[in-house]
Amino acid sequence: MSFSATAIPAATDADEPLVRIQSVHKHYGALHVLKGIDLDIRPGEKVSIIGPSGSGKTTLLRCVNYLERPTRGQIFINGELLGQKQGRRGFVELDDRSLARQRTGIGMVFQRFNLFPHLTVSQNVEIGPVKVLKVSRAEARERAIGLLGKVGLAEKRDAYPEMLSGGQQQRVAIARALAMQPTLMLFDEATSALDPELVGEVLNVMAQLAADGMTMMIVTHEMQFAEDVSDRVIFMDGGQIVEQGPPSRLFGAPEHPRTRGFLRAVLQKRTMP
Amino acid sequence: MISPQTLALIREWLPQLLVAAGQTLQMTVWAYALGAVMGLLIALGGMSRQRWLSGLCRVYIEFIRGTPTLIQLFLIYFGLTSVNIVIPGFQAAVIALGAHYAAYMAEVYRSGIVAVDSGQREAAQAIGMRRGQAMAYVIFPQAVRIILPPMTNFAISLLKDTSVASLIAAPELMMRANDITSEYYMPMQVYLLSGAMYFAMSYPLSLGVRYLERRFGRGRQLNLNLA
């Protein structure tokens, strides 16, 4: 079972990262949220970002599809500068149309699902391909049926989002993102708004997607999931990357005292009744 | 209670008043259409990132809201003649009322649009929609449920406000009522009859508002079948 034909990017130079984040800073007024982030992500890699709330991990993720504009620094997707272009004097903002085109290759799943409440489940998945990719209605419908089947919601396709559980809504949101056939998927605390018993169904879909070879950036509080699925785990604190490495090392033998402190606090919480 | 003579007179006035009521209805529809379209443009302009455009829209709204309808009507009907622009009464009334209501409608559009959760715009952008597409396919269809009841209320007050057009002798119900009154000097009968006609036209709209509020007040969504 595969989610989409383009889940695995065309074979490129293995050294060429799909995402390159270069000394990215983000300020909100006086608040310095990201303090110089450098990060490369290879095609097909699954990277989990963990850290305490307020560490900047969600802001970083939102920068990767330009929902947040970095105050300084650049992000490249497949070698293409995101959201900006080289002007006569420094970098200037990209126009609406070009930015929208760049975003079509990047799927995003939000903590609060953000399904379109005025559209049915199927229409939620179809609207991107129809309006943005100009795919025919019939083809978009076929794509939607296929994807909804993969996330186990084929029979819900004519329901409205409000009639679905949180877990079902989030699975529709994943299908909606995949309908654009992205090369990169961003997950922003995709299970944090869910009742505990609904977390598993969403994580299963994400794990399946990972197994299919999708490149994924996952901001999460689900440590077990991060450990099982990721190729690399990144620990952020205070707007910086404190430590990163393969999950076995980061969870098994964290080097930095802040990483150890965070993991101890989180794992303690998990073992509490 | 009503004397046969009065009844005979009413029968004489009724056809004229019905024609005039039709003109009032036409004036209402045209002015409403103008206001609804202008109002949307002003609302969108007001949210533009172009400072000059949003500023201009802001000024327009404040100017219209801060001056009487009658002044605006007289400026268009009498005032423009001094620069050799002569607009017939009916059209002048449509323009003045439409432009007036546009300012209020713009505020309603704006409040409806900003009431839609910002996550909706982000989700639309995340699947590659441009700003205009996000507005047309995602934001506006959801804003409609907030916008619709006050917009229908505007139709009711606009219908009654067309009576100011009698002051520039534009053909409509109020002017016809004034004419008949001055001819027969029976103001009680004439204005009661005309009032009943305004009511007969506005009450269905009132029922419409109540229906819309019931329909959308419970969180039900409007499906415009856009996808």
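First, a word on scope: everything that follows refers to the structure included in this document.

What counts, and at which threshold
Residues numbered from 1 in each chain as written. Chains lettered and ligands numbered in written order. Predicted model: local features only at pLDDT ≥ 70, side-chain atom pairs only at ≥ 80, totals over all residues. Heavy atoms only, no water. Helix = DSSP H or I, 4+ residues; strand = E, 2+ residues; numbered from the N terminus. Buried < 20%, exposed > 50% of the residue type's maximum accessible area, 1.4 Å probe, protein only. Contact = heavy atoms within 4.5 Å. Axes fitted to C-alpha atoms, helices over the stretch in contact; angles between N-to-C directions. Parallel < 35°, antiparallel > 145°, perpendicular 65-115°, else oblique. Left-handed = near helix turned anticlockwise from the far one by under 90°. Buried area = accessible area lost by both parts, 1.4 Å probe. Salt bridge = Lys/Arg side-chain N within 4 Å of Asp/Glu carboxyl O. Polar contact = N/O pair within 3.5 Å; in protein donor to acceptor, adjacent residues only side chain to side chain. Phe/Tyr/Trp six-rings, centres within 6.5 Å; stacked < 30°, edge-to-face > 60°.

Before going further, it helps to examine the side chain of A:Glu189. Residues and elements named next belong to chain A. By secondary structure assignment, the location of Glu189 is in the loop between strand S9 (184-188) and helix H6 (196-211). Taking the relative accessible area as the measure of exposure, Glu189 reaches 12% and is therefore buried. Filtering out sequence-adjacent residues up to four positions away, Glu189 remains in contact with Lys57, Thr58, Gln111, Val219 and His221.

What follows covers the packing of helix H1 (residues 4-46) of chain B against helix H7 (residues 173-184) of chain B. Residues and elements named next belong to chain B. With their axes 8 Å apart at the nearest point, H1 and H7 run at an angle of 155 degrees to one another. When the axes of H1 and H7 are compared, the pair comes out roughly antiparallel. By crossing handedness, the relation of H1 to H7 is classed as right-handed. Here H1 contributes Leu9, Glu12, Trp13, Gln16, Leu17, Ala20, Ala21 and Thr24 to the contact with H7, which in turn contributes Leu173, Arg176, Ala177, Ile180 and Tyr184.

The subject of this paragraph is the interface of chain B and chain A. Counting residues at the interface gives 26 residues for chain B, matched by 28 residues for chain A. In total, chain B and chain A occlude about 2500 Å² of area from one another, counting both sides; carbon and sulfur atoms represent 56% of this. The salt bridge involving B:Glu122 is made with A:Arg62; its shortest N-O contact spans 2.6 Å. At the surface where chain B touches chain A, the tally comes to six residue pairs in polar contact (both at pLDDT 80 or more). At the level of secondary structure, the elements contributing two or more residues to the side of chain B that touches chain A comprise helix H5 (118-126) and helix H6 (131-161) of chain B. Residue contributions to the side of chain B that touches chain A peak at seven residues, all from H5(B).

Quick look at the packing of aromatic side chains now. Residue and element names in this part refer to chain B. Tallied over the entire structure, the rule returns seven aromatic pairs over all chains. Consider the rings of Tyr101 and Phe154, whose centres lie 5.9 Å apart with planes at 85 degrees: the pair is edge-to-face. Separated by 53 residues along the polypeptide, Tyr101 in helix H4 (residues 89-115) and Phe154 in helix H6 bring together distant segments of the chain. For Tyr101, a relative accessible area of 5% puts it in the buried group. The class of Phe154 is buried, set by a relative accessible area of 15%. The interplanar angle of 20 degrees and the centroid separation of 5.3 Å between the aromatic rings of Phe199 and Tyr203 together place this pair among those described as stacked. Residue Phe199 and its partner Tyr203 are located together in helix H8 (residues 187-217), separated by four residues, close to a single helical turn. Aromatic rings pair up to connect Phe74, Tyr77 and Phe78 into one cluster.

Spatial relationships are all this shows, so hold off on functional conclusions.
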